[in-house]
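If you want the building blocks of each chain, they are given just below.
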Amino acid sequence: MKRIILIAGLITATAAQAEIIPDTLQDIKAVQFNSANVITAGLPNEAQFDTLQQAGVDLVINLIPEGNSSGHENEANLVKAAGMKYESISVDWKKPNIEDVERFFSIMNANRDKDILVHCAANYRASAFYYLYQATQLKQDSEQQKLQTLAPWGDLESSLKEYPQWQVLMEQVKTKYQ
């Protein structure tokens, strides 16, 4: 009996450690708190990487294309210097593809025990990829969930008409994983 209580206590303690503390992250561009363990955002400024680590983030996934002027040239170094793990997927805004989404799924699935920031320049790519992850990998897909996760897009219907490549991508991914 004591062993069961000890194991239950360890599980509870471990679960309590794995949670992002949002209080100090409100100033990050377009930050969206999707769960206790995953946030999406626009590009953090250089100083905010230390703040993210202090708030509990373990892994930063950057979806800004390499060499894009809206990103940090040395982001991998900034993230690692702050004590976090770094992943980058170079997602072309005009031609997002299912291979990039599947790479994202792979990274997310391999890091389910981590507290994660997914970011791009303005939280459009990041929120879209995370929505697809929720819908297809976590099987959480309601209209309310979609609108909440994709809130950075503003009026979603208008935005997807303006950027039809993203509507096409969402439909392709959801069809493939149904």
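Residues numbered from 1 in each chain as written. Predicted model: local features only at pLDDT ≥ 70, side-chain atom pairs only at ≥ 80, totals over all residues. Heavy atoms only, no water.

Tell me about the sheet that holds strand S4 (residues 85-88), and name the residues and values.
Spatial strand order, S1-S2-S5-S3-S4: five strands in an open sheet with mixed pairing. Since the sheet does not close on itself, it has two edges, and those belong to strand S1 (32-33) and S4, each with one partner. Pairing analysis gives four bridges linking strand S3 (residues 59-62) to S4, with the strands arranged parallel. If you follow Val60 over to S4, its bridge partner there is Tyr86. Where helix H4 (residues 98-110) meets the sheet, it contacts strand S2 (38-41), S3, S4 and strand S5 (116-119), and its direction lies at approximately 180° from that of S3. Contacts between helix H5 (residues 125-136) and the sheet are confined to S2 and S5, with S2 contributing the most and set at about 145° to the helix. (Pairing = 2+ DSSP bridges. Helix = DSSP H or I, 4+ residues; strand = E, 2+ residues; numbered from the N terminus. Contact = heavy atoms within 4.5 Å. Axes fitted to C-alpha atoms, helices over the stretch in contact; angles between N-to-C directions.)

Describe H4, naming the residues involved and giving the relevant values.
In this model H4 runs 18 Å from its N-terminal to its C-terminal C-alpha over 13 residues, within 8% of the 18 Å that 1.5 Å per residue would give. Those residues of H4 not exposed but buried are Ile98, Asp100, Val101, Phe104, Phe105, Ile107 and Met108. On its buried side, H4 packs onto S2, S3, S4, S5, H5 and helix H8 (164-176). The backbone nitrogen of Glu99 lies 3.0 Å from a side-chain oxygen of the residue at the head of H4, namely Asn97. (Expected span 1.5 Å × (residues − 1). Buried < 20%, exposed > 50% of the residue type's maximum accessible area, 1.4 Å probe, protein only. Polar contact = N/O pair within 3.5 Å; in protein donor to acceptor, adjacent residues only side chain to side chain.)

Can you lay out the nonpolar core for me, pointing to particular residues and giving the numbers?
Ile61, Leu63, Phe104, Met108 and Trp166 are the most contacted members of the largest nonpolar core, which has 35 residues in total. At the level of elements, S3, H4, S5, H5, helix H7 (156-162) and H8 are the ones that each hand at least two residues to this core. Take this core: its biggest share by element is eight residues, from H5. Here Trp166 is in contact with Val91, Trp93, Pro96, Arg125, Ala128, Phe129, Trp153 and Leu160, once residues within four sequence places are set aside. In terms of nonpolar packing, the next biggest core, distinct from the first, is built from 17 residues, Leu25, Leu52, Leu78 and Tyr86 among them. (Core = buried A, V, L, I, M, F, W, Y, C linked by side-chain atoms within 4.5 Å.)

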